[in-house]
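Working through the structure, step by step
Read off the chains here:
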Amino acid sequence: MKNNYRYFIIFMIVIITIINYIDRGALSYAQAEIIQEFNLDPISWGAILGYFGYGYIFGALFGGALADKKGPKFMWILAGTTWSIFEIGTIFAGHLGATFFGGSALAGFAVFRFLFGLAEGPTLSTMNRTMANWVSPNEKGFSVALGLVGTPIGALITAPVVVGLLTFTNWKVTFVILGLLGFIWVLVWRKVFTNLPEDHPKVSEIELRKIRSTNDLIEGEIKLEETISKNVPWYYFFKNSTLTMNAIGYFAFLYVNILLLTWTPKYLQDEFNYSLASLSYIGMIPWVGAIITGLLGGKISDKLREKTGNLRIARSWFTVVCLFCTAICFMLIPTAESATTVLSLMCIGNAFNYLPNSIYWTVILDTEPNKAGTFGGVTHFIANLATIIAPTLTGSLVASYGYNAMFTAAAFAVIVGMVSMIFVKPGQQGHMSVTPTTKDTTL
């Protein structure tokens, strides 16, 4: 680990993003027990899945700003602790709703899923703040991809982990076990992380020089230390077309991601009569390719940056091509007649979707590194409207038009994102001047 302690920090981030995704995806695999226990219909179930998103978008927005202000260590500990509490608390949601909210189990789930989403929301914007502090410019794409690889891994192993727990216990015990994993990670993180590598005794001078090196900057890239003394208000995000179009592109990615995470288990059971036990491995298929491409995409982007010296080619146009391929796959799913073909198209489409996963976050680091948390939070707020729209809209589409409609809607969302990324110009700041301020050492 000598001279590479930053990779241990990235590894720890991978672990918590895996836990994060298993926690949020567990409800989808417990759906049969919960629907039966509380007598829910598809529209109500879609609403329950969507309530998470209402909290998540605000958690992302304010969590990113807090990560900039208080430091990423504070935000990681706060987020990990609180979402673990609400993960466990979900087991009481339906009964508390029935007792205190006019006999409505749905209202109880609404409260707990909102609070759970609020707590999980800061995760990726806090990760971006951490990457801004801990990695060098020429490592940005791959390092962010490494940090984000926990999302497809988490989505992949959610099926066997949760189904395995459900097989031997029940959904309530499952949620308690998952919540305890989050608490364990927080205890370890408190011991191994500092906001800045300069403050960590295990970061050598050699490694610190690598992290702070500016020798490999290309045209349009910004030094972190040049932006620390500038006070960029949060609303400057909306004055920068690159950041706003990038957020719309990220919305397209998340629409597909959330759709597959929340509705795939029920879709496979309803359309192809898969049992819960078979979902322990069938549910993994849409995520297999995404693990590889999520890492590969960041590496490809960094190589394109190095070879072309052009951030727009390395980030924007690379993403446009990937989203085009994603849209094609999801447009073909309604024409498929077998489960094998459907799962293959899901896998390939999601693999293309994950290729630029790190790009949306890297564009922020390229453009406003000192506001990586705040602007990452605003980006996440906009993009994570998908966590509300995708499951809720899908419930209505399935009830009215059947499952094919949900894939058509996903393809349309991806096309919108693809067009938006055409206008993204990484490194182009949306403000000409800002007011100097004192250096914030909690970055």
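Above this text sits the structure in question.
So, here is what we can say about the structure in this document. (Residues numbered from 1 in each chain as written. Predicted model: local features only at pLDDT ≥ 70, side-chain atom pairs only at ≥ 80, totals over all residues. Heavy atoms only, no water.)

**Some details on the overall build of the protein chain**
Secondary structure assignment for the protein chain yields 21 helices and two strands. Rg of the C-alpha trace for the protein chain: 21 Å, near the compact-globule value of 22 Å for 443 residues, within the 12% margin. Dimensions of the protein chain along its principal axes, counting C-alpha atoms only, are 60 × 45 × 40 Å. Of the contacts made within the protein chain by residues no fewer than 6 positions apart, 85% connect residues no fewer than 24 positions apart. A total accessible area of about 16700 Å² is found for the protein chain, and carbon and sulfur atoms account for 66% of it. Charge-centre separation for the protein chain: the mean point of 29 positive side chains lies 7 Å from the mean point of 25 negative side chains. (Helix = DSSP H or I, 4+ residues; strand = E, 2+ residues; numbered from the N terminus. Rg over C-alpha atoms; globule rule 2.2 N^0.38 Å. Contact = heavy atoms within 4.5 Å. Areas by Shrake-Rupley, 256 points an atom, 1.4 Å probe, with all protein chains shown as cover. Lys, Arg positive; Asp, Glu negative; His and termini not counted. Charge placed at Lys NZ, Arg CZ, Asp CG, Glu CD.)

**Description of the packing of helix α1 (residues 5-29) against helix α6 (residues 105-120)**
Each packed pair of helices is defined by two parameters, the angle between the axes and the distance between the axes. As a packed pair, α1 and α6 sit with axes 11 Å apart at the nearest point and diverge in direction by 160°. With respect to each other, α1 and α6 are oriented roughly antiparallel. For the crossing formed where α1 meets α6, the hand is left-handed. Contact residues: α1 offers Asn 20, Asp 23, Arg 24 and Leu 27, while α6 offers Arg 113, Phe 116 and Glu 120. (Axes fitted to C-alpha atoms, helices over the stretch in contact; angles between N-to-C directions. Parallel < 35°, antiparallel > 145°, perpendicular 65-115°, else oblique. Left-handed = near helix turned anticlockwise from the far one by under 90°.)

**Topic: the nonpolar core**
Counting residues in each nonpolar core, the largest one holds 124 residues, and the members touching the most others are Ile 34, Trp 171 and Trp 189. Per-element accounting of this core gives the leading share, 15 residues, to helix α13 (residues 241-272). Discounting residues that sit within four places of it in the chain, Trp 171 has contacts with Ala 30, Glu 33, Ile 34, Glu 37, Phe 38, Thr 90, Ile 91, Phe 109 and Leu 166. (Core = buried A, V, L, I, M, F, W, Y, C linked by side-chain atoms within 4.5 Å. Buried < 20%, exposed > 50% of the residue type's maximum accessible area, 1.4 Å probe, protein only.)

**Brief notes about unusual backbone geometry**
Positive phi, normally seen in glycine, also occurs at Asn 39, with a value near 55°. As for its placement among the helices and strands, Asn 39 is situated in the loop between α2 (31-38) and α3 (42-70). Here Asn 273, not a glycine, exhibits a phi torsion of approximately 60°, which is positive. Judged by relative accessible area, Asn 273 falls into the exposed class, the value being 66%.

**Details of the packing of α13 against helix α17 (residues 339-354)**
Their axes nearest at 11 Å, the elements α13 and α17 cross at an angle of 165°. Relative to α17, α13 is oriented roughly antiparallel. Remark: the crossing between α13 and α17 carries left-handed chirality. Taken together, the residues of α17 that come into contact with α13 (itself represented by Ala 252, Phe 253, Val 256, Asn 257, Leu 260, Thr 264, Tyr 267, Leu 268 and Phe 272) are Ala 339, Val 342, Leu 343, Met 346, Asn 350, Asn 353 and Tyr 354. When grouped by side-chain class, the residues that make up the contact of α13 with α17 number twelve nonpolar, four polar and no charged. (Nonpolar A, V, L, I, M, F, W, Y, C, P; charged D, E, K, R; others polar.)

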